[in-house]
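# Structural description and commentary
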Amino acid sequence: MRSSAMALAWAALVVASVAVAHPSPPRKLEVGFYRRSCPQAEEIVRDAVRRAVARDPGLAAGLIRMHFHDCFVRGCDASILINSAPGRPAEKDSPANNPSMRGFEVVDDAKAALEARCPRTVSCADVLAFAARDAALLAGGGVGYYRVPSGRRDGRVSVADEVLQDGNVPFPTFDVRQLVDNFKGKGLSADDMVTLSGAHTIGRSHCSSFTQRLYNFSGQAGRTDPSIDAGYAALLKMRCPPSTDDQEDRTVVPIDPVTPASFDNQYFKNVLAHKVVLTSDQTLLDSPRTAGIVKFHAAAEKAWKAKFAAAMVKMGNIEVLTGDEGEIREKCFVVNRH
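What you are looking at is a predicted structure, and each value in this text was computed from that prediction instead of being measured.

Right, let's get into the side chain of Glu115. Checked against the element boundaries, Glu115 lands in helix α4 (residues 104-117). Discounting chain neighbours no more than four positions away, the residues touching Glu115 are Arg120, Thr121, Arg329 and Glu330.

Here's what the structure looks like:
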């Protein structure tokens, strides 16, 4: 009898061990996640983005960039939206995001409208993913509508130091190998990286992100990066004097000097013409593989836009929280009080 009881106990232990070793798989994101719980969710977000972009077209670039920076730190969990607390600086106050990141008020407006219609239902992470899609849609000549899987949950942790650590958000000074490795670490390919870089067809850059290319290339005072088109370098020096080589300086230039307000493939043509401000853009020509992708996108705008939509969806799946993980924040800038 005793041996039978021991056998049953051992069997139970084995079953429990198997259950622990093979947990149920996490839920996947799905298109139309809110079709029953908040059927107008995506429309509400799109209306908020439409109003914002009509008021300030530059916010389209800001929302796309915000989604990217969010997904590359702790996954797409809206941690970039959380405000800092005394002694605990959050992601939005990292030098990579402050003062350059724009669009927080757009997300807050959309979330407020959603809470009025569907309380504690739509996550801030999904709001941001929808808003980035709608920004690309509403930007001048933008990407056509594409479906965004949803069902993300919101994280409860946001740490400023994590933004530029541990291979998260890439530096504007990264070379092509560093960029490929950085995106690979997030489950994205070199093709995805080049394709998503095309978002630089809109938006702006602070002079401080590239003044070393103009005045101190390779640590040599007065030397200009020879890979920059000479005429374009002269123009940049007029807009960005040496005094703008300061993180606190607010002077900006359009990343695309040719069609700064159009979501088109001009960015890739600018890369080929050596008329881009960031090292991380010009370096795409330093690898035959990525250079080939640049040339293809420069010649085939429609194909690039289709690939961009697919790459955005893929990026939006990075390390997402689903099911009972995380929470649904009532206000995107602060975690819920439990």
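A complete count under the given rule lists four disulfides for this structure. Paired through a disulfide, Cys38 and Cys118 show a sulfur-sulfur distance of 2.1 Å. Residues Cys38 and Cys118 share a disulfide whose torsion about the S-S bond is about 75°; that sign makes it right-handed. Residue Cys38 is located in the loop between α1 (2-21) and α2 (41-55), and its partner Cys118 is located in the loop between α4 and α5 (124-138); the two are separated by 80 residues in the primary sequence. The class of Cys38 is buried, set by a relative accessible area of 1%. By relative accessible area, which is 8% here, Cys118 ends up buried. Counting its disulfide-bonded cysteines in sequence order, the protein chain shows a connectivity of 1-4, 2-3, 5-8, 6-7.

By size, the foremost hydrophobic cluster in this structure holds 77 residues, and its most contacted members are Ile64, Leu81, Phe263, Phe308 and Met315. In terms of residue count, α5 provides more of this core than any other element does, ten residues in total. What Ile64 contacts, discounting residues up to four positions off in sequence, is Ala132, Ala135, Ala136, Ala199, Ile202, Phe263, Phe308 and Met312. Counting eleven residues, the second-largest nonpolar core is a separate cluster that includes Tyr232, Ala233, Val277 and Leu278.

In the structure shown here, the tally under the stated rule is 15 salt bridges. With a closest N to O distance of 3.4 Å, Glu30 and Arg35 form a salt bridge. Given the relative accessible area of 29%, Glu30 is considered partly exposed. What makes Arg35 partly exposed here is its relative accessible area of 46%. A salt bridge links Glu162 to Arg74; the nearest nitrogen and oxygen atoms lie 2.8 Å apart. Of this pair, Glu162 sits in the loop between α5 and α6 (176-184) while Arg74 sits in the loop between α3 (59-71) and α4, placing them 88 residues apart in sequence. In this structure Arg74 comes out as partly exposed when scored by relative accessible area, which is 36%. Counted as one network, the salt bridges with shared partners bring together Glu42, Arg46, Arg133 and Asp134.

A word on helix α13 (residues 301-315). Relative to the 21 Å expected for 15 residues at 1.5 Å per residue, α13 spans 21 Å between its end C-alpha atoms, a close match to the ideal helical length. For α13, the set of buried residues is Trp304, Lys305, Phe308, Ala309, Ala311, Met312 and Met315. The arc enclosing the buried residues of α13, seen along the axis, measures out at 170°, which places them on a common side. Exposed and oriented more than 90 degrees from the buried face of α13 are Lys302 and Ala306. Tucked into the core, α13 has its buried residues touching α3, α5, α7 (190-197), α10 (266-272) and α12 (288-299).

Attention now moves to unusual backbone geometry. As a rule of thumb, non-glycine residues mostly have phi less than zero, and peptide bonds are mostly trans rather than cis. Cis rather than trans, the peptide bond between Asn98 and Pro99 has omega equal to 15°. Structurally, the position occupied by Pro99 is in the loop between α3 and α4. A positive phi is found at Arg74, a non-glycine position, where the angle reads about 65°. Not every positive phi belongs to a glycine, and Ala78 is a case in point at roughly 65°. Inspection of the secondary structure assignment puts Ala78 in the loop between α3 and α4.

Glancing now at the side chain of Asp281. Mapped onto the secondary structure, Asp281 falls in helix α11 (residues 279-282). Among buried Asp, Glu, Lys and Arg side chains, Asp281 stands out as unpaired, with Arg213 the closest opposite charge at 7.3 Å. At 3.1 Å, the side chain of Asp281 forms a polar contact with the side chain of His200. Contacts of Asp281, omitting those with residues within four sequence positions, involve His200, Ile255, Tyr267, Val271 and Val276.

Calculation criteria
Residues numbered from 1 in each chain as written. Predicted model: local features only at pLDDT ≥ 70, side-chain atom pairs only at ≥ 80, totals over all residues. Heavy atoms only, no water. Helix = DSSP H or I, 4+ residues; strand = E, 2+ residues; numbered from the N terminus. Contact = heavy atoms within 4.5 Å. Disulfide = S-S within 2.5 Å. Buried < 20%, exposed > 50% of the residue type's maximum accessible area, 1.4 Å probe, protein only. Core = buried A, V, L, I, M, F, W, Y, C linked by side-chain atoms within 4.5 Å. Salt bridge = Lys/Arg side-chain N within 4 Å of Asp/Glu carboxyl O. Expected span 1.5 Å × (residues − 1). Arc of directions from axis to C-beta. Lys, Arg positive; Asp, Glu negative; His and termini not counted. Polar contact = N/O pair within 3.5 Å; in protein donor to acceptor, adjacent residues only side chain to side chain.

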